[in-house]
Amino acid sequence: MAELSTVARPYAEALFGAARDDKAGLAVWAGLVDELAQVAANADVREAMTDPRLDDTRRAQIFTGLIKSDLPQAARNFIDLLVQNDRLLLLPIIATQFAELKNRHEGTAQAEITSAFELSDAQVKELISALEVKFGLKLKPHVAVDQSLIGGVRVAVGDQVLDTSVKAQLARLRDTLAA
């Protein structure tokens, strides 16, 4: 069976293409897609959407009824398409891929920064400035604290990881000594 991310990719690309051409703008669509993904990720919704007693029309009606935002016709059509193809539960993956496409289009990326200790705003700003030069992208930081790193930081931008934590350095040293 194909990876779920592979199955979701054409849907994310199609949705991104429609959103990019829409006068509402990518930011509005990104918020809407996030809301759709949150609803689809709910365990009760997932259970209801797999109920064999419901037909596709009823599934789409129930799902759209759970969305608080006003749904443009293009979004309703997208939901109908997902329901017809039994792909509605892929919305969280589609939303992640949509966000990546949006970031790439805008020349930005999400930087997942994990530090052993709390970082001040000035430290985050300085780190982001250095990372933006390294990656050549405008970065949006998401900072978390993980004391198991002992010291240093771990930064993930897309599929690239810079791990300067003490924990990683100790692991490299252990591997070198064991070899």
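Note: the structure precedes this text.
The following refers to the structure shown. Here the residue numbers are simple positions, counted from 1 along each chain's written sequence. Only residues with pLDDT of 70 or above have their local features reported here, since the model is predicted, and side-chain atom pairs are shown and tallied only from 80 upward, although totals for entire chains, interfaces and linings are computed over all residues. Note that water and hydrogens are dropped before the side-chain values are worked out from all heavy atoms of the structure.

**Some remarks on the pairing of strand β3 (residues 153-157)**
Relative accessibility thresholds used throughout: buried, under 20% of the residue-type maximum; exposed, over 50%; partly exposed, between the two (1.4 Å probe, protein chains only). Each helix corresponds to a stretch of at least 4 residues labelled H or I by DSSP, and each strand to a stretch of at least 2 residues labelled E; elements are numbered beginning at the N terminus. Among the five residues in β3, four count as buried, and that is most of the element. Across five bridges, strand β1 (residues 108-115) lies against β3 in antiparallel orientation. Each residue of the ladder has a partner; that of isoleucine 113, found in β3, is valine 155. Relative to strand β4 (residues 160-163), β3 is paired through four bridges, and the arrangement is antiparallel. Bridging from a neighbouring strand, alanine 156 pairs with valine 161 of β4. Between β3 and the antiparallel strand that follows it, β4, lie two residues; glycine 158 among them carries a positive phi value of about 65 degrees. Think of it this way: DSSP has to see at least two bridges between two strands before they count as a pair.

**Topic: helix α6 (residues 91-106)**
Each helix should span, by expectation, one fewer than its residue count multiplied by 1.5 Å. Taking 1.5 Å of rise per residue, the 16 residues of α6 would be expected to cover 22 Å, and the 22 Å separating its terminal C-alpha atoms lies within 8% of that figure. Considered for burial, the residues of α6 that qualify are Leu91, Ile94, Ala95, Gln97, Phe98, Leu101, Lys102 and Asn103. Glycine 107 occupies a position one or two residues after α6 and carries a positive phi of about 75 degrees.

**A few points about the packing of aromatic side chains**
Note on aromatic contacts: the rings of Phe and Tyr and the six-membered ring of Trp form a pair at centre separations within 6.5 Å, being stacked when their planes are under 30 degrees apart, edge-to-face when over 60 apart, and tilted otherwise. Inspection of the entire model under this criterion finds one aromatic pair. Here phenylalanine 16 and phenylalanine 98 contribute two aromatic rings whose centre-to-centre distance is 5.8 Å and whose plane-to-plane angle is 70 degrees, an arrangement assigned as edge-to-face. Of the two residues, phenylalanine 16 is situated in helix α1 (residues 4-21) and phenylalanine 98 in helix α6; the sequence distance between them amounts to 82 residues. Per residue, the accessibility class of phenylalanine 16 equals that of phenylalanine 98, and both read buried.

**Side note on the nonpolar core**
Grouped together as the largest cluster of nonpolar side chains are 33 residues, with contacts concentrated most on Trp29, Leu36, Phe63, Leu88, Leu91, Ile94 and Phe98. Counting residues per element, the ones that place at least two in this core are α1, α2 (26-41), α3 (43-49), α4 (56-65), α5 (73-84) and α6. With nine residues, α2 is the largest single contributor of residues to this core. Once you skip the residues sitting within four places of it in the chain, phenylalanine 63 turns out to touch Leu36, Val39, Ala40, Val45, Met49, Ile79, Leu88 and Leu91. Of all hydrophobic cores here, the second largest spans twelve residues; its members include Ala111, Val124, Val155 and Val157. The definition of a nonpolar core used throughout is a set of buried Ala, Val, Leu, Ile, Met, Phe, Trp, Tyr and Cys residues joined through side-chain atoms within 4.5 Å. In this analysis, two residues are considered to be in contact whenever any of their non-hydrogen atoms come within 4.5 Å of each other.

Just geometry here; none of it tells us what the structure is for.
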